[in-house]
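Letter by letter, the chains look like this.
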Amino acid sequence: MDPAFIIGVLAAFGALFAMITMEGAHLSALLLPAPMILVLGSTIGVGIASHTMRDTILAVTSLGRMVRGAKAPAAAVIPVLVGYAEKARGEGLLALEQELEGAPDAFTRQALQSLADGTDAEDLRLVMEDESAATATRNHVASRFFSSLGGYAPTIGIVGTVVSLTHVLENLDEPDHLGPMIASAFVATLWGLLSANFIWNPIAGRLSRVGAVEIERMTLVTEGMLAIQSGSAPHLLRERLEAMVTVKPKGGAGKAEKRAEGAT
């Protein structure tokens with residue numbers, strides 16, 4: 001599990017709490033139910049209205065994956081693919097069927113089965129690239145849903161402030177209460193900005209990044225499997241895949257492989 005999201009959000013709210021404390025204000029002055037219900041409820045409502053129910057369900061179900069983060073860095077699949085290449089080179093593609101149970105994910109398992117079944121290279125590429133494209137689309141939809149919430153929230157906060165100020169103007173005959181009422185009116189704007197920048201936009205950004213890592217991993221698997229099918233040498237496959245990753249593996253999986261090859 002990658003704790004970056006939880007750490008970041010807690011740090012953001014912690015800094016806000018520190019400012020409130022240092023300013024001598026009271027947290028209860030910001031935790032007003034009415035503006036919070038308006039901003040959070042209406043933001044989610046218009047977000048649902050601007051998408052389909054399928055999009056909404058997809059976005060909600062993606063929250064768990066967003067918090068957990070990517071299962072592993074994209075580069076982590078390289079030693080696995082190199083191992084498959086070594087096995088295929090020594091025992092043939094049909095031997096890869098023995099690796100199905102130990103495959104790290106369904107995408108890799110499907111590719112292994114296709115290699116063992118003797119699927120044509122062009123057909124295999126089309127299937128794997130279509131699956132990657134479908135995954136990228138799902139990731140984009142989920143990220144866009146929360147990004148739209150981040151766009152709606154500040155405006156809805158202003159709506160809440162206008163509504164509250166209208167109520168303030170109705171009570172000008174009570175000057176002793178005008179200060180607290182005006183302060184409360186601006187809480188809606190605060191929660192609009194706060195929820196957009198502390199909640200919705202970070203979720204959208206996190207989903208986008210986790211999705212990018214997932215697609216990078218799927219791209220490595222695609223290129224690796226096609227190279228294995230074409231009979232690429234394991235060390236050449238490793239070098240090619242390592243050149244493709246955006247975040248290089250620490251310590252270098254390639255170096256370990258080279259040492260192993262030298263020992264043999």
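Look a little higher up for the structure.
Residues numbered from 1 in each chain as written. Predicted model: local features only at pLDDT ≥ 70, side-chain atom pairs only at ≥ 80, totals over all residues. Heavy atoms only, no water.

> Teacher, can you tell me more about the pattern of salt bridges here?
Within the structure shown, the criterion is met by ten salt bridges. Of the charged contacts in the structure, one is a salt bridge between Glu214 and Arg65, with a shortest N-O distance of 3.7 Å. One end of the pair, Glu214, is in helix α8 (residues 175-229); the other, Arg65, is in helix α4 (residues 63-68), and 149 residues separate them in sequence. The partly exposed category is assigned to Glu214, whose relative accessible area is 29%. On the accessibility criterion, Arg65 (21% relative accessible area) is partly exposed. Close ionic contact of Arg125 with Glu223 constitutes a salt bridge, the shortest N to O distance being 3.3 Å. On the criterion of sequence distance, the pair formed by Arg125 in helix α7 (residues 121-169) and Glu223 in helix α8 is long-range, its members being 98 residues apart. Assessed through its relative accessible area of 25%, Arg125 is described here as partly exposed. Judged by its relative accessible area of 12%, Glu223 falls in the buried class. A single salt-bridge network, built from bridges that share partners, covers Arg125, Glu129, Glu223 and Arg240. (Salt bridge = Lys/Arg side-chain N within 4 Å of Asp/Glu carboxyl O. Helix = DSSP H or I, 4+ residues; strand = E, 2+ residues; numbered from the N terminus. Buried < 20%, exposed > 50% of the residue type's maximum accessible area, 1.4 Å probe, protein only.)

> Just checking my understanding: could you explain the layout of surface pockets for this structure?
To find leftover empty space, one rolls a probe the size of a water molecule over the atoms. Taken as a whole, the largest pocket spans an internal volume of roughly 570 Å³. Going through the elements one at a time, α3 (53-61), α4, α6 (106-116), α7 and α8 are the ones with two or more residues in the lining of the largest pocket. Ranked by residues supplied to the lining of the largest pocket, first place goes to α8 with six residues. Considered class by class, the residues forming the lining of the largest pocket number eleven nonpolar, six polar and nine charged. (1 Å grid on protein atoms, 1.4 Å probe; cavity = no way out; pocket = protein on both sides within 12 Å on 5 of 7 lines; lining within 4 Å. Points joined across faces, edges and corners; volume = space filled by probe spheres on them. Nonpolar A, V, L, I, M, F, W, Y, C, P; charged D, E, K, R; others polar.)

> Help me understand the packing of aromatic side chains in this model?
What describes a pair of aromatic rings is the distance from one ring centre to the other and the angle between the planes of the rings. For the coordinates displayed, the defined rule picks out three aromatic pairs. For the ring pair Phe145 and Phe146, a centre distance of 5.3 Å and an interplane angle of 85° mean the geometry is edge-to-face. In this pair, the class of Phe145 matches that of Phe146, namely buried. Summarising the aromatic geometry, the rings of Phe146 and Trp200 are spaced 6.3 Å apart at their centres and angled 20° between planes, so their arrangement reads as stacked. One end of the pair, Phe146, is in helix α7; the other, Trp200, is in helix α8, and 54 residues separate them in sequence. On the accessibility criterion, Trp200 (10% relative accessible area) is buried. (Phe/Tyr/Trp six-rings, centres within 6.5 Å; stacked < 30°, edge-to-face > 60°.)

> I keep staring at the side chain of Thr161 and nothing clicks. Help me out?
Among the structural elements, Thr161 can be located in helix α7. Residue Thr161 is classed as buried on the basis of its relative accessible area, which comes to 5%. Filtering out sequence-adjacent residues up to four positions away, Thr161 remains in contact with Ala185, Phe186, Ala188 and Thr189. (Contact = heavy atoms within 4.5 Å.)

> Can you walk me through the packing of helix α5 (residues 77-91) against helix α9 (residues 234-244) in this structure?
Between two packed helices, what matters for the description is the angle formed by their axes and the separation of those axes. The contact between α5 and α9 brings their axes to 9 Å, and the two run at 155°. When the axis of α5 is compared with that of α9, the two are roughly antiparallel. Considering how the two elements wind past one another, α5 and α9 form a crossing that is right-handed. Taking contact as the criterion, the partners of Ile78, Leu81, Val82, Ala85, Glu86 and Arg89 in α5 are, on α9, Pro234, Leu237, Arg238, Leu241 and Glu242. (Axes fitted to C-alpha atoms, helices over the stretch in contact; angles between N-to-C directions. Parallel < 35°, antiparallel > 145°, perpendicular 65-115°, else oblique. Left-handed = near helix turned anticlockwise from the far one by under 90°.)

> For this particular structure, what's the right way to read the nonpolar core?
Across soluble globular proteins, nonpolar side chains have a tendency to be buried as a group. Within the largest apolar cluster, 28 residues are counted, with the highest numbers of intra-cluster contacts made by Tyr84, Met225 and Ile228. Secondary-structure elements contributing two or more residues to this core are α5, α6, α7, α8 and α9. For Tyr84, the contacting residues outside a window of four places in its chain are Leu96, Glu99, Ala103, Pro104, Thr108, Leu112, Met225 and Ile228. One finds Phe5, Phe145, Ala196 and Ile203 within the second-largest nonpolar core, a separate group that totals 14 residues. (Core = buried A, V, L, I, M, F, W, Y, C linked by side-chain atoms within 4.5 Å.)

> Hey, could you run me through empty space enclosed by the protein in this one?
Across all of its chains, the model carries one cavity of 30 Å³ or more by this definition. Taken as a whole, the largest cavity spans an internal volume of roughly 40 Å³. Around the largest cavity, the lining residues are Phe107, Gln110, Ala111, Ser114, Leu124, Val127, Met128 and Glu131. A per-class count over the lining of the largest cavity returns five nonpolar, two polar and one charged.

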